[in-house]
Amino acid sequence: MLDFPYDTAPAPGEVFTIRPGLLWVRLSLPFRLDHVNIYLIEDGDGWIIVDTGIDDKAGRAQWQALFDGALKGYRFNGLFVTHHHPDHIGLAGWLCDKLDIPLLTSQTAFLSAMNFYNSPELLAATAYSRFYASHGMTPEVAALVSTQGQEYMRMLSKPPFTYRRLRDGDVLTLGGRAFHVLSGDGHCSEQLMLHLPEENLLLAADQVIEKISPNVSVMAFEPGGDPLGGFLHSLDRLRSTLPDDVLVLAGHRMPFYGLHDRCTALIAHHHERCDIIRAALATGPKSAAELVPVMFPRDLTPHEMSFAFTEVLAHTNYLVGTGDCRWLDRADGTRAITRA
Ligand SMILES: [Zn+2]
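Remember, it's a predicted structure, so these values are computed and weren't measured experimentally.

Each value, and the rule that gives it
- Residues numbered from 1 in each chain as written.
- Predicted model: local features only at pLDDT ≥ 70, side-chain atom pairs only at ≥ 80, totals over all residues.
- Heavy atoms only, no water.
- Helix = DSSP H or I, 4+ residues; strand = E, 2+ residues; numbered from the N terminus.
- Contact = heavy atoms within 4.5 Å.
- Areas by Shrake-Rupley, 256 points an atom, 1.4 Å probe, with all protein chains shown as cover.
- Lys, Arg positive; Asp, Glu negative; His and termini not counted.
- Charge placed at Lys NZ, Arg CZ, Asp CG, Glu CD.
- Donors = N, O, S within 2.8 Å, 3.2 Å for Na, K, Ca; no water.
- Tetrahedral: all angles 85-135°; square planar, octahedral: opposite > 155°, others 65-115°.
- Axes fitted to C-alpha atoms, helices over the stretch in contact; angles between N-to-C directions.
- Parallel < 35°, antiparallel > 145°, perpendicular 65-115°, else oblique.
- Left-handed = near helix turned anticlockwise from the far one by under 90°.
- Core = buried A, V, L, I, M, F, W, Y, C linked by side-chain atoms within 4.5 Å.
- Buried < 20%, exposed > 50% of the residue type's maximum accessible area, 1.4 Å probe, protein only.
- Pairing = 2+ DSSP bridges.

Brief notes about the overall build of the chain
Argument step 1. For the chain, the count of helices and strands is 10 helices and 14 strands.
Argument step 2. Seen through its C-alpha atoms, the chain measures out along the principal axes to roughly 65 × 40 × 35 Å.
Argument step 3. Long-range contacts, defined as pairs at least 24 residues apart, comprise 63% of the intrachain contacts of the chain with a sequence gap of at least 6.
Argument step 4. A total of about 14,700 Å² of accessible surface is found on the chain, and carbon and sulfur atoms cover 54% of it.
Argument step 5. With 28 positive and 40 negative side-chain charges, the chain shows a spacing of 3 Å between the two charge centroids.

Right under this line is the structure:
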């Protein structure tokens, strides 16, 4: 049982009190994952906002409705952003400017937001389409991945020119409470979480989410990256260093208890996915594109296909990294993965 009196999430415009000095707001998103959780932490004479939602008309309108409604009269001292995905950092520039507050985030989040804001067209670079093609992706899907990436990354207001860097191990004192900054990997690099040992709670961002498995994808700009290795390592660290009965407040879905079980389930899920790939390779080498229907045996829309493809690559790169598998160059210029 959760020790606050809600069994639903706050409706648009509503503010829930999770603990004294810790509020929960939810913004809706125009995606299949149709919302993002925003938290507010009391900081002396004002509040720190945690995450922002995407920058679109509806996103700004939802904030304005809160400022005119449930948050009317509130003072704000800063914006803490957990990571650089647009549903979390999208309105950072707009909020910091509007409220005249500083941005606190990781270096990765700040620099990534700057980069995506200034050069979204880079996502369609030839180097990237070549990378997709080398793993057997059709030109149609490759084009879609690039253009969709651009649209998504455009849901971002102009980032502030400056920020305050937070990193793993820092202690952020807000209103007399000491929040320990933790950095996670896998869903994206340097995703920041806030752990408050005194009150046994964790703002977990998208590192661990109730019921759903956070997306773990190889990005075209880091083709040899091992986000899955990083993700598993981060989950293992959370499980071994934080108590199981910590209240987890994630970037999506409901707050929950059972951190250790959730980490264990996510780790097991990805090991099962690796087993599926290993089994498929028993009949011979496969390209990432050939592994998509093995790991996702159902019809995929092009949009789902792009997520599936980059998620398959997270597993293949991990298996190569552990020495279980290796890459094989095929005569047609594509690459296949095979048992080592
Ligand atoms: Zn998210």
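This is not the end of the story, as more comes after the structure.
Some remarks on the environment of Thr264
Argument step 1. As for its placement among the helices and strands, Thr264 is situated in helix α8 (residues 259-280).
Argument step 2. Through-space distance from the C-alpha of Thr264 to that of Ser119 is 38 Å; in sequence the pair is 145 residues apart.

Let's talk about the coordination of the zinc ion
Argument step 1. Every protein donor of the zinc ion is accounted for by Asp87 (OD), His88 (NE2), Asp206 (OD) and His252 (NE2), and the metal-donor separations fall at 2.0 to 2.5 Å.
Argument step 2. The site at the zinc ion holds 4 donor atoms, and with the angles between them running 86 to 167 degrees, its shape is irregular.
Argument step 3. Donor residues binding the zinc ion come from one chain and are separated in sequence as D-H-x117-D-x45-H. Of this pair, Asp206 sits in the loop between β11 (201-205) and α7 (227-241) while His252 sits in the loop between β12 (247-250) and α8, placing them 46 residues apart in sequence.

Observations concerning the packing of α7 against α8
Argument step 1. For the pair α7 and α8, the least separation of the axes is 9 Å and the interaxial angle reads 155 degrees. Looking at the two axes, α7 sits roughly antiparallel to α8. Considering how the two elements wind past one another, α7 and α8 form a crossing that is left-handed. Listed contacts from α8 to Leu228, Phe231, Leu232, Leu235, Asp236, Leu238 and Arg239 of α7 are Leu259, His260, Cys263, Thr264, Leu266, Ile267, His270, His271 and Cys274.

Here's the deal with the nonpolar core
Argument step 1. Among the nonpolar cores identified, the biggest contains 48 residues, and Tyr132, Leu202, Val208, Leu228 and Leu259 are the most heavily contacted of them.
Argument step 2. For this core, the elements supplying multiple residues, two or more each, are α5 (126-134), α6 (139-153), β11, α7, α8, α9 (288-295), α10 (302-321) and β13 (325-329).
Argument step 3. Among all residues touching Val208, those that are not within four sequence positions of it are Leu235, Leu238, Val248, Ala250, Phe256, Leu259, Arg262, Cys263 and Leu266.
Argument step 4. Core analysis: the next-biggest nonpolar cluster, separate from the first, contains 32 residues, Ile38, Trp63, Leu71 and Leu103 among them.

Focus on helix α3 (residues 92-99)
In an α-helix there are 3.6 residues to a turn, and that puts residues three or four apart on one side.
Argument step 1. Within the span of α3, buried status applies to Ala92, Gly93, Trp94, Leu95 and Cys96.
Argument step 2. On its buried face, α3 sits against α1 (57-68), β5 (76-80), α2 (86-89) and β6 (103-105).
Argument step 3. One or two residues past the end of α3 sits Asp100, with phi positive at roughly 55 degrees.

Here's the deal with the sheet that holds strand β7 (residues 164-165)
What holds strands together in a sheet is hydrogen bonding between their backbones, with the strands either parallel or antiparallel.
Argument step 1. Reading across from one edge, β1-β2-β3-β4-β5-β6-β7 is the order of the 7 strands in this open sheet, with mixed pairing throughout. The sheet terminates laterally at β1 (16-19) and β7, the two strands that pair on one side only.
Argument step 2. The pairing of β6 with β7 spans 2 bridges and is classified as parallel. Along β7, the bridge assignment pairs Thr105 with Arg165.
Argument step 3. Sheet strands in contact with α1 are β2 (22-28), β3 (35-43), β4 (46-50) and β5, and its direction is about 140 degrees off that of β2.
Argument step 4. Lying over the sheet, α3 contacts β4, β5 and β6, oriented at roughly 170 degrees with respect to β5.

By themselves, these figures tell us nothing about what the structure is for.
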